[in-house]
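What the coordinates show
The primary structure of each chain is shown beneath.
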Amino acid sequence: AVSSKPEGPFEFVNVVLEDKKHTGWDINNSHNPYAIVADGKICLYYISNDIKPLFDKKDSNINYPDSIWFEENRELLRNSQCIGVAIADHPAGPFVRSEKAVVKPDNIEFKNIAVNPAVVYHNNQYLMIMKGDDVNYERWFRIQLVGNSDAPEGPFNFALKPVYAEAQTEDACIWFDKTLNKYYM
């Protein structure tokens, strides 16, 4: 939706990211969006499930899973969440989705999931905070990690030490204060 004023009214233009797609890494879901403007482009980061390899292995005759498959594979679905980006010149689009996930678990710094991105662009660098499961826990335990990249599509290089790992958290936000010359989370 677009408007000439921040308070609206907004007019519907189009759907930026479909939740069900038949091609690409992100065929299921597009959620938890986080948008930034960098070098005149709109970068819309989002979470999706990279599930095609999962049902290709198990059920090679499936084009798109049905609700029964989703219900029977909830843990696989949870652990297939990755971060993508779609980029456009204008809020009305068209947005071009990344050909591959921008952030995937590496099983070194974090495992299972890459979710809830927040990104800031400053000094020609993309700084992202996101969540993944701690590799030091057997069970699921989400930690916050910070990484940077020279490009919106990555690769993002994450610090080995999490920025927050004391307790389970919800989605973080990050911004840069130009007056104080500091990042805040």
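In case you missed it, the structure is sitting above this.
The following refers to the structure shown. (Residues numbered from 1 in each chain as written. Predicted model: local features only at pLDDT ≥ 70, side-chain atom pairs only at ≥ 80, totals over all residues. Heavy atoms only, no water.)

Let us look at the sheet that holds strand 8 (residues 157–158). A sheet is described by the order of its strands in space; here 4 strands give the open sequence 5-6-7-8, paired in antiparallel fashion. The open sheet has two edge strands with one neighbour each: strand 5 (111–122) and strand 8. Sheet analysis places strand 5 next to strand 6 (residues 125–133), joined by 7 bridges and oriented antiparallel. For K111, the partnering residue across the bridge sits in strand 6 and is D133. (Pairing = 2+ DSSP bridges. Helix = DSSP H or I, 4+ residues; strand = E, 2+ residues; numbered from the N terminus.)

This brings us to the sheet that holds strand 2 (residues 41–49). Spatial strand order, 1-2-3-4: 4 strands in an open sheet with antiparallel pairing. Here the strands that pair on one side only, and so sit at the sheet edges, are strand 1 (28–38) and strand 4 (96–97). Of the strand pairs in this sheet, strand 1 and strand 2 are connected by 7 bridges, and their pairing is antiparallel. When the bridges of strand 2 are listed, V37 appears paired with I42.

Turning our attention to the pattern of salt bridges. It is possible for side chains bearing opposite charge to pair when their charged atoms get close. One pass over the structure, following the stated rule, counts 5 salt bridges. Two residues, D26 and R97, come together in a salt bridge whose shortest N-O distance is 2.8 Å. With D26 in the segment before strand 1 and R97 in strand 4, this residue pair connects regions lying 71 residues apart in the sequence. Among the salt bridges present, the one from K104 reaches D50, with a minimum N-O distance of 2.7 Å. Here D50 lies in the loop between strand 2 and helix 1 (52–58) and K104 lies in the loop between strand 4 and strand 5, a separation of 54 residues in the sequence. Residue classification places D50 among the buried residues on the basis of a relative accessible area of 14%. (Salt bridge = Lys/Arg side-chain N within 4 Å of Asp/Glu carboxyl O. Buried < 20%, exposed > 50% of the residue type's maximum accessible area, 1.4 Å probe, protein only.)

Here the focus is the pairing of strand 6. The element strand 6 is largely enclosed, with a buried count of 8 among its 9 residues. Connecting strand 5 to the antiparallel partner strand 6 that follows it, the hairpin turn spans 2 residues, and N123 within it adopts a positive phi of roughly 50°. The sheet contact formed by strand 6 and strand 7 (residues 142–149) spans 8 bridges and is antiparallel. Across the sheet, the residue bridging to I129 is V146, located in strand 7.

Attention now goes to the layout of surface pockets. Of the pockets and cavities examined, the largest pocket occupies roughly 210 Å³. Lining the largest pocket are 13 residues, and of these N79, S80, K104, P105 and N112 sit closest to its centre. Going through the elements one at a time, helix 1, strand 3 (81–88) and strand 5 are the ones with two or more residues in the lining of the largest pocket. Looking at the lining of the largest pocket, its residues break down into 5 nonpolar, 5 polar and 3 charged. (1 Å grid on protein atoms, 1.4 Å probe; cavity = no way out; pocket = protein on both sides within 12 Å on 5 of 7 lines; lining within 4 Å. Points joined across faces, edges and corners; volume = space filled by probe spheres on them. Nonpolar A, V, L, I, M, F, W, Y, C, P; charged D, E, K, R; others polar.)

Quick look at the packing of aromatic side chains now. Overall, the coordinates contain 9 aromatic pairs when judged by the stated rule. In this structure, R78 is placed above the aromatic ring of W140, and the distance from its NZ or CZ to the ring centre is 3.9 Å. (Phe/Tyr/Trp six-rings, centres within 6.5 Å; stacked < 30°, edge-to-face > 60°. Lys NZ or Arg CZ within 6 Å of the ring centre and 35° of its normal.)

Any link to function would need more than the numbers given here.
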